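Below are the chains, spelled out letter by letter.
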Amino acid sequence: MKIDELVENILNSYETDGGINKAGTENFPNRENVVSVLHDIQCLIFPGYKTAEELDSINLRYVTGQRVNRIIVLLTKEIQKALSYKAVQHDVNSKVEDSHCFGLAEKTAFALVEAIPEIRRLARLDTIAAYNGDPAAKSGEEVIVSYPGLEAIIVYRIAHFLYECGVPVLPRIMSEHVHGKTGIDIHPGAKIGESFFIDHGTGVVIGETTVIGNNVKIYQGVTLGALSVKKTLQDKKRHPTIEDDVTIYANATILGGETVIGKGSVIGGNSWITESVSNAKP
C-alpha cells in the first residue's frame, strides 16, 4: 500500500470516528499548552527548583515577569476554548460569543496569578509538614525537589483554584498530568486544608467530594473514595470527610460521603472503613 493510500485511510477514519481537535471556536483545550502553563506556575511557586536557570536579585524580576505574561496569554487562550466548548455542548443551537468567553477567561487567568502568593503560602506549609513528618527528609529544599507528594499537592492547589472558578476540563488535565508522573490521583474538586502531607504517595486516590482538614498525613495506597452510586448522584457528596490531625496508614480504604474520620484519629494500614469513627487509635 502506498503512502498516499495510508494517509487517505487515516483521514477517512477522522471523518467516520471523530477524535480530532480542529482549530476554531469550539475546539477542545490543548493538553500540551495546559501542561506548559502548569510548569510555569510551578516555577513561580518555587523559583529555581524545576528548571536549569540561574536566578539572582537582578534577573528575578525579569524572569518572573516573562512567566506571568506567558501564563496569562496561554491560560486565557485555553480557558476560552474550554468555556466555548462547554457552551456549545450545553446548547448545540447556541452561538458562542467569543468576546464573552475571552473576557471570562482573561479574568480567571489574572485571578489565578493574583492567587499565587496564597498558593505559595500553602505550598510552604505543605513543605514544612513533609519535612516534619518524614524523619528521612534532611531539608525543606530536598522535599521541594524530590517529593512526589508535594508536587501532587501543589498541582492540586492550582487545579482546585480553577475548578472553584468554574473552569471546565483544564483542572482535570492538570491533575491527570501529575497523576501520571507521581501515581497520586487527587481530584481538583476535593477540599484540602493546610499542612497536608502524603508520604511516599504511590497509589493514593482522593475523590472529588472529599473534605480534608488541617495537619493530615496519609501514606501510600490510601483511597478516599466513593461507594458505588448511580451517575445521577454525581452532584452529591460521595467521598469521606477527614478532620484535623488525622493520620491514615498505607493501603487504608475509606469510602462514602457520610463517613467522617474524627479529629486526631489514627487509621491503621489495610483498613476498610465505610462508617464514621471518632478519635480512633491503633
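Residues numbered from 1 in each chain as written. Predicted model: local features only at pLDDT ≥ 70, side-chain atom pairs only at ≥ 80, totals over all residues. Heavy atoms only, no water.

**Quick look at the pattern of salt bridges**
Stage number 1. Inspection of the entire model under this criterion finds 12 salt bridges.
Stage number 2. Here Asp40 and Arg67 are joined by a salt bridge, their closest N and O atoms 3.2 Å apart. Here Asp40, found in helix H2 (residues 31–45), pairs with Arg67, found in helix H3 (residues 60–90); they are 27 residues apart in sequence, far enough to count as distant. Comparing Asp40 with Arg67, the two get one shared label, buried.
Stage number 3. By relative accessible area, which is 5% here, Asp40 ends up buried.
Stage number 4. Each of Asp40, Glu53, Arg67 and Arg70 takes part in salt bridges that share partners, so that together they form one network. (Salt bridge = Lys/Arg side-chain N within 4 Å of Asp/Glu carboxyl O. Helix = DSSP H or I, 4+ residues; strand = E, 2+ residues; numbered from the N terminus. Buried < 20%, exposed > 50% of the residue type's maximum accessible area, 1.4 Å probe, protein only.)

**Some points on the sheet that holds strand E1 (residues 185–186)**
Stage number 1. Strand order across the open sheet formed by five strands is E1-E4-E7-E10-E13, with parallel pairing between neighbours. Unpaired on one side and paired on the other, E1 and strand E13 (272–273) mark the two borders of the sheet.
Stage number 2. As paired strands, E1 and strand E4 (residues 205–206) are joined by two bridges and run parallel to one another. Residue Asp185 lies in a different strand from E4, and its bridge partner there is Val205. (Pairing = 2+ DSSP bridges.)

Any functional reading would require information beyond the geometric quantities listed.
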